[in-house]
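Coordinate inspection notes
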Amino acid sequence: MEDTELAYYERILIQFFGVAFITIVAGIIFAPETFWDGWLRPLIWDPIVKDASVSGDAGYSLGNTAIYIIVMIAAVIMFQALFRKWQLPCDDKMVWALIAWVILAPVMRVLEDADFFSDGTDVLFISPLIHLHLAAWLILAGIIGHFGQKNILNFIAMLLLAYLLFTGLLLQPNWNQHEMGTTWAMAGCMLGALTVVSVIRYTASWHHISRSLLALASGLIVMGLGHWAQLASTPWAQESGLLPKDNAVIWPVLVVVGIPIIISVIVWRYGQDDLAKLRKTGFEPGIIPDGLTLKEWESEDRTKHPVEIHTKRAILATPLVAGMLFGQLCDGLATMVGIDWFGYSEKHPVSDSVIQFGDKLDLLGEGAWLFFIVKAAMVSLIVYLFAEMRIERNQRHLRVLIVLAVMIVGMAPGLRDIGRLILGV
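Read on for a plain summary of the structure. (Residues numbered from 1 in each chain as written. Predicted model: local features only at pLDDT ≥ 70, side-chain atom pairs only at ≥ 80, totals over all residues. Heavy atoms only, no water.)

1. Remarks on the packing of helix α9 (residues 250-280) against helix α11 (residues 306-314)
- Interhelical geometry of α9 versus α11 gives an angle of 150° and a closest axis separation of 7 Å. When the axes of α9 and α11 are compared, the pair comes out roughly antiparallel. Judged by the twist between their axes, the crossing of α9 over α11 is left-handed. Contact residues: α9 offers Tyr270, Gly271, Asp274, Leu275, Lys277 and Leu278, while α11 offers Pro306, Val307, Ile309, His310, Thr311, Arg313 and Ala314.
- Class assignment for the residues of the contact of α9 with α11 results in seven nonpolar, three polar and three charged. (Axes fitted to C-alpha atoms, helices over the stretch in contact; angles between N-to-C directions. Helix = DSSP H or I, 4+ residues; strand = E, 2+ residues; numbered from the N terminus. Parallel < 35°, antiparallel > 145°, perpendicular 65-115°, else oblique. Left-handed = near helix turned anticlockwise from the far one by under 90°. Contact = heavy atoms within 4.5 Å. Nonpolar A, V, L, I, M, F, W, Y, C, P; charged D, E, K, R; others polar.)

2. Digging into the layout of surface pockets
- In this structure, the second largest pocket spans a volume of roughly 350 Å³.
- The set of elements that each furnish at least two residues to the lining of the second largest pocket consists of α4 (92-113) and α15 (396-408).
- In terms of residues, the lining of the second largest pocket owes the most to one element, α15, which gives three residues.
- Partitioned by chemical class, the residues of the lining of the second largest pocket number ten nonpolar, two polar and eight charged. (1 Å grid on protein atoms, 1.4 Å probe; cavity = no way out; pocket = protein on both sides within 12 Å on 5 of 7 lines; lining within 4 Å. Points joined across faces, edges and corners; volume = space filled by probe spheres on them.)

3. Points about the packing of aromatic side chains
- Applying the stated criterion across every chain, the model contains ten aromatic pairs.
- Ring centres of Trp251 and Trp341 lie 6.2 Å apart, and the angle between their planes is 80°; on these two criteria the pair is classed as edge-to-face. With Trp251 in helix α9 and Trp341 in helix α12 (residues 319-342), this residue pair connects regions lying 90 residues apart in the sequence.
- Using a relative accessible area of 36% as the deciding quantity, one classes Trp251 as partly exposed.
- Under the relative-accessibility criterion, Trp341 is labelled exposed at 53%.
- Where Trp251 meets Phe342, the ring centres are 5.7 Å apart and the plane angle is 25°; that geometry is what we call stacked. (Phe/Tyr/Trp six-rings, centres within 6.5 Å; stacked < 30°, edge-to-face > 60°. Buried < 20%, exposed > 50% of the residue type's maximum accessible area, 1.4 Å probe, protein only.)

4. Thoughts on the pattern of salt bridges
- One pass over the full model with this rule turns up ten salt bridges.
- Arg109 is the salt-bridge partner of Glu112, the closest N and O atoms lying 2.6 Å from each other. One end of the pair, Glu112, and the other, Arg109, are both in helix α4, three residues apart, so they sit about a helical turn from each other. One exposure class covers both Glu112 and Arg109, and it is buried.
- A salt bridge links Glu284 to Arg279; its shortest N-O distance comes to 3.0 Å.
- On the basis of relative accessibility, which here comes to 32%, the residue Glu284 falls in the partly exposed class.
- Overall, Arg279 belongs to the partly exposed group, its relative accessible area being 32%. (Salt bridge = Lys/Arg side-chain N within 4 Å of Asp/Glu carboxyl O.)

Here it is as C-alpha cells:
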C-alpha cells in the first residue's frame, strides 16, 4: 500500500467518527434534553466547569475516563492516516516539535490551577479541552509553516502574529484582574517573541512544518514561564481566598525532573552508537526496507540485516523513547512526591485505586510509591515493545502518534504536578 493510500479500516473509522460527530451535533441542536442534559453535560461538561471553579480539581469518573481513552485511541488511528496521506514529516525533528506542545499544556494548565484565567476563558485550559484547544493552535502553526515556507520574513511575521494573538487574547487581559506586578509577565512575553524568531533562525535545515510547530510552542512556553515567575514574585490570592503555599522547591524538582533526565540520558547514550551505525546504512530503527510487508520480512531469517542488528539499542537514542521514558517517570515521581510528602491527592479513579492499594500495604508513605513503581514498569514494557517492534514505512506516523498519546497522559500531568508544587497552588 502506498504511503498516501488509506487502508479500508482507516476509511471506515474516519467515516464512522464523521457520522458520530454529525449525530452528536444534530442531537444537541434538535434533542438537547437527551444528548446534552442527559448525557454530555453531566458526564463531560459539568466536571470541566467544576474543575475551573473555586472548588477546583473535579475528579474523573470511570465513564468520562473511558470516553477519553476511546476518543484518544480513535484520534491516533484517524490522524496518523490523515498525516500519512498529507505526507507530513514524522522524523525525530517532528517528535521534538510535538514534545514542545506536550510541555506547553502543563505550563498553561498550572496557570489555570493558580486561578489566573478569568471565568469563561479558564475552561479552555481544563482537560480534555486544553488538548483540543492547543491542537487548534498547533494546526494553525502547521498551516503557517506550509504557506510561509517560501518567504522567511512572511514566515516569521505570521508566527509572531499567532504568538501575539494567543498572548493578547488569552493571557494579557487577565493581568488587571489580579493584584500582581507585570515585570516578569512582560519579560516573558518579550523573551517568548525572541524565542520564536531564534528557533526559526537556528532550524533552517528542518522541514518547514516541524520548524513552525517548534517555534510557536517554544515561544509560548517561555511566555508562560514568565507568568509562573510573576506568580512566584508577586503571589495573588486564589479564588478560594488563599495565597499559594510556601512549598520546598529544590529537592522536589531534583527528584521529579532530575532523576528522569538522568535515566533518559543514560538510556540515550546506551543506544547512540547503534543509531549512528544504523543510519549510515540508510535505515531507521524498527522500520523495515521499502517494498517488503511485515509478513514477508518475518518469513525469512533477517538476523544479519542492519535493522535487526541495531534497532534494539538504536531506538533508545530517539526522542520517541526519550519522551515516553522521561514523561512516565516524571509523572510517577511527581505523584509520589506530591501525595506522600505534600498532601496533594489523586483525582483519576484508576490511578487512585493503585495508590489506595499501596497505602493498604503500609510500606512506604501514603501509597503513591506503588503508583511510581507501576509507571516505571509500564514504561519499561513499552520501551521493550518498541525495541522489538518492526513496522512498515507507512506505519511511521502511527508510531509517532502513539508516542504522543503516551506523553500526553504521562509527561503533561507529571510536569503539571511539579509546576503546582513549585508555585504552591
